[in-house]
There are 2 protein chains.
Amino acid sequence: MSEKTVKLLNPHLETAPSDYLYHLDINVANTGDTTELQHKFGDVKFICVGGTGSRMRQLALYLRDVLGVQESGDPVDLCERGQRYAMYKVGPVLCVSHGIGSASFSVVLHELLKLVKYARCQEPVILRIGTCGGLGVPPGTVVATKNAFNGLLRNEHEIAILGQRVVRPAQFSEDVNKDVIAFGVDANDGFQTISANTMGTDCFYEGQGRIDGAICEYTEKDKMDFLQKCHDLGIRNIEMEASMFASVTQKVGVKAGDVCVTLIDRLKGDQVSITMDQKHEFEQRPFLVVGRYIMKLLQQ
Amino acid sequence: MSEKTVKLLNPHLETAPSDYLYHLDINVANTGDTTELQHKFGDVKFICVGGTGSRMRQLALYLRDVLGVQESGDPVDLCERGQRYAMYKVGPVLCVSHGIGSASFSVVLHELLKLVKYARCQEPVILRIGTCGGLGVPPGTVVATKNAFNGLLRNEHEIAILGQRVVRPAQFSEDVNKDVIAFGVDANDGFQTISANTMGTDCFYEGQGRIDGAICEYTEKDKMDFLQKCHDLGIRNIEMEASMFASVTQKVGVKAGDVCVTLIDRLKGDQVSITMDQKHEFEQRPFLVVGRYIMKLLQQ
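Please read all numbers here as calculations on a predicted model, not as lab measurements.

What follows deals with the interface of chain A and chain B. Each partner contributes to the interface: chain A provides 73 residues, whereas chain B provides 73 residues. Carbon and sulfur atoms supply 55% of the area buried between chain A and chain B, which totals about 6400 Å² over both sides. Remark: the boundary between chain A and chain B carries 8 salt bridges. Across the pair K251(A) and E217(B) runs a salt bridge whose closest N-O atoms are separated by 3.1 Å. If you look at where chain A meets chain B, you find 30 residue pairs in polar contact (both at pLDDT 80 or more). Grouping the amino acids of the side of chain A that touches chain B by side-chain chemistry returns 32 nonpolar, 21 polar and 20 charged.

Right, dumping it as structure tokens:
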């Protein structure tokens, strides 16, 4: 097997005769002969993931144009039968939805990693394209994540395994972060794209210090002190996936990046107040940045 | 305000002039006069939540029949514009999707709790209707959760708030659990419905001791020891939401229950191997149980 294929950290996969990627509804009938999967997915170089199926469908249509992929008609959802996640393929790019939060994303991430292993993809890069809250940057700013912090303000991810707390580092590939900024930005964009730290939390309300959830046992001042602490750590955006995403991909040695657009400046409030039209325009911004990055890397 | 309406644990909500339930795309323009919301949602007595929008749509159609609600045509998704969660209303029942995992569910749970508060619903009950792995029970068994354990095997839920670890108890209402068993079961069902403990984890693979994820650093024996430990604690099913769900609803004093059907017996393997037809049949079982429970309570 080529050195550029993906090696996972699970010896059990080497001896299992078959595998069923349950949530993707992809059946690997014979792990010893994955010719069919290689034929279907072997050319994949980039996996773009994001929260909703509809946004991933839009991204697929956008990338068709940018990459000049000759396809017409509606993009086909390759995981429709699984009913949990949507997957579209545009040339060498998969666009896959992951829902909200680390738990939801981790399910599909484990299965995507197994997919690229079985399909013998060559050094695939996984890019999350999301929306998020911002910290001290104007709404509409695109943030490419440098280091991922969890809700405890640590640059790591915590997970319970076999009943025990396991802590893992949460660093994204420096290469990807650097290249996204180098190749993804255009001086005429009309918005800022920055490299900064990101906090990923397990709760949108209490976990991100909002005072407008169903439960809030702290004051506005406590909240601002917390957000200031985040800001002091170089955190410029807050979402719900970064630390899990960085830790899992770092652990298995697959390059990854997180490129999100801020919809609000949390130093100025908790409620998202941009219009739906603005939101849709903002959501396109990471498409532009990631589209250019992918184009550049495909040309190298 | 009537004593039967929902009081939340957030003093800030009492002084906020407006609120926007962002992920549901429901705008509460004036929190001092919620007449319109009361008109639309004030009769809600039960909120059924589950993973996928398609299953919640099926449930809405099923409950139309069971409750004899005179409506025809496709159920309308009241949150379609939000693009994250689906919501259908059938008489006094809301059917709402929550995605996968505690983080995804907690977003919509906070917003649903605010919705029933603003709409002045009378003692609403929230019921999760899900699928799960089983422990020592045949696939197709329906489990109504007694106590919710987290992935650390503790009957509590942990969450990071303002950068600090916060631990909360995770008990479901005894009433709901007792009534689901008393009113939901029919001797001719052809499947078992039991009351037992549930473990909710933040990861489907490593978090539930599976050996078929992208990462696995333990042996088959370690896994079986862990699952046996779970079994010894009275845990008969494993999913990804129970401890968060129990802790948030317990904290705000809203009655709740978790009613899930097992798709696999984890003491016998990791891979879900039932057919899609069996899966769809199994998914109907909690519908039957919860449908009867709701009917009975509405008649009281």
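Next comes the rest of the account.
Attention now moves to the UniProt feature "binding site: phosphate" (unreviewed entry) in chain A. Annotation from UniProt places "binding site: phosphate" (unreviewed entry) at R84(A), R128(A), I129(A), G130(A) and T131(A). Lining the largest pocket, from the residues named above, are R84(A). As for its placement among the helices and strands, R84(A) is situated in the loop between α3 (53-67) and β4 (87-90). Overall, R84(A) belongs to the partly exposed group, its relative accessible area being 23%. Setting aside residues up to four positions removed in sequence, R84(A) forms contacts with H23(A), G51(B), T52(B), R55(B), I100(B) and T131(B). Exposure remark for R128(A): the relative accessible area of 3% places this residue in the buried category. With sequence-adjacent residues up to four places away left out, R128(A) is seen in contact with V49(A), H98(A), F105(A), E239(A), E241(A), F245(A), G257(A), D258(A), V259(A) and C260(A). A polar side-chain atom of R128(A) sits 3.1 Å from a polar atom in the side chain of H98(A).

For the match of chain A to chain B, the screw axis carries a shift of 0.0 Å, the RMSD comes to 0.0 Å, and the turn is 180°. Here the two chains are linked by the operation of a two-fold rotation axis. The residues that chain A uses at the interface reappear at the interface of chain B in 100% of cases, marking a shared surface.

For the rest of this paragraph, the subject is the packing of helix α5 (residues 174-184) of chain B against helix α8 (residues 276-299) of chain B. Residue and element names in this part refer to chain B. At their nearest, the axes of α5 and α8 sit 8 Å apart, and the two run at 100° to each other. Taken together, α5 and α8 sit at an angle that is classed as roughly perpendicular. Residues V176, D179, V180, F183 and G184 of α5 touch α8, and the partners they reach there are L288, V289, R292, Y293, K296 and L297. Here the contact of α5 with α8 is composed, by residue class, of 7 nonpolar, 1 polar and 3 charged.

As a further point, take the UniProt feature "binding site: substrate" (unreviewed entry) in chain A. Residues and elements named next belong to chain A. The UniProt record marks Q208 and R210 with the feature "binding site: substrate" (unreviewed entry), using the residue numbering of this structure. Position of Q208 among the secondary structure elements: in the loop between β10 (193-200) and α6 (220-232). In this structure Q208 touches T201, C203, F226, L227, I238, E239, M240 and R266, once residues within four positions along its chain are discounted. Here T201 takes part through its side chain, which lies 3.2 Å from a polar atom of the side chain of Q208. In contact with R210, not counting residues within four places along its chain, are F204, Y205, C216, Y218, I264, R266 and D270. A polar side-chain atom of R210 sits 2.8 Å from a polar atom in the side chain of Q208.

With that settled, consider the packing of aromatic side chains. Per the stated rule, a full pass over the model turns up 12 aromatic pairs over all chains. Their ring planes at 80° and their centres at 5.0 Å tell us that F204(B) and Y205(B) sit as a pair that is edge-to-face. Exposure remark for F204(B): the relative accessible area of 11% places this residue in the buried category. On the accessibility criterion, Y205(B) (2% relative accessible area) is buried. Joined through ring pairs, the aromatic side chains of F105(A), F172(A) and F245(A) make up one cluster. The positively charged end of R210(A) is found above the aromatic ring belonging to F204(A), 3.8 Å away from the centroid.

The rules behind these values
- Residues numbered from 1 in each chain as written.
- Chains lettered and ligands numbered in written order.
- Predicted model: local features only at pLDDT ≥ 70, side-chain atom pairs only at ≥ 80, totals over all residues.
- Heavy atoms only, no water.
- Contact = heavy atoms within 4.5 Å.
- Buried area = accessible area lost by both parts, 1.4 Å probe.
- Salt bridge = Lys/Arg side-chain N within 4 Å of Asp/Glu carboxyl O.
- Polar contact = N/O pair within 3.5 Å; in protein donor to acceptor, adjacent residues only side chain to side chain.
- Nonpolar A, V, L, I, M, F, W, Y, C, P; charged D, E, K, R; others polar.
- UniProt positions renumbered as here; feature names shortened; annotations may be inferred.
- 1 Å grid on protein atoms, 1.4 Å probe; cavity = no way out; pocket = protein on both sides within 12 Å on 5 of 7 lines; lining within 4 Å.
- Helix = DSSP H or I, 4+ residues; strand = E, 2+ residues; numbered from the N terminus.
- Buried < 20%, exposed > 50% of the residue type's maximum accessible area, 1.4 Å probe, protein only.
- Least-squares fit on C-alpha atoms with pLDDT ≥ 70 in both.
- Axes fitted to C-alpha atoms, helices over the stretch in contact; angles between N-to-C directions.
- Parallel < 35°, antiparallel > 145°, perpendicular 65-115°, else oblique.
- Phe/Tyr/Trp six-rings, centres within 6.5 Å; stacked < 30°, edge-to-face > 60°.
- Lys NZ or Arg CZ within 6 Å of the ring centre and 35° of its normal.

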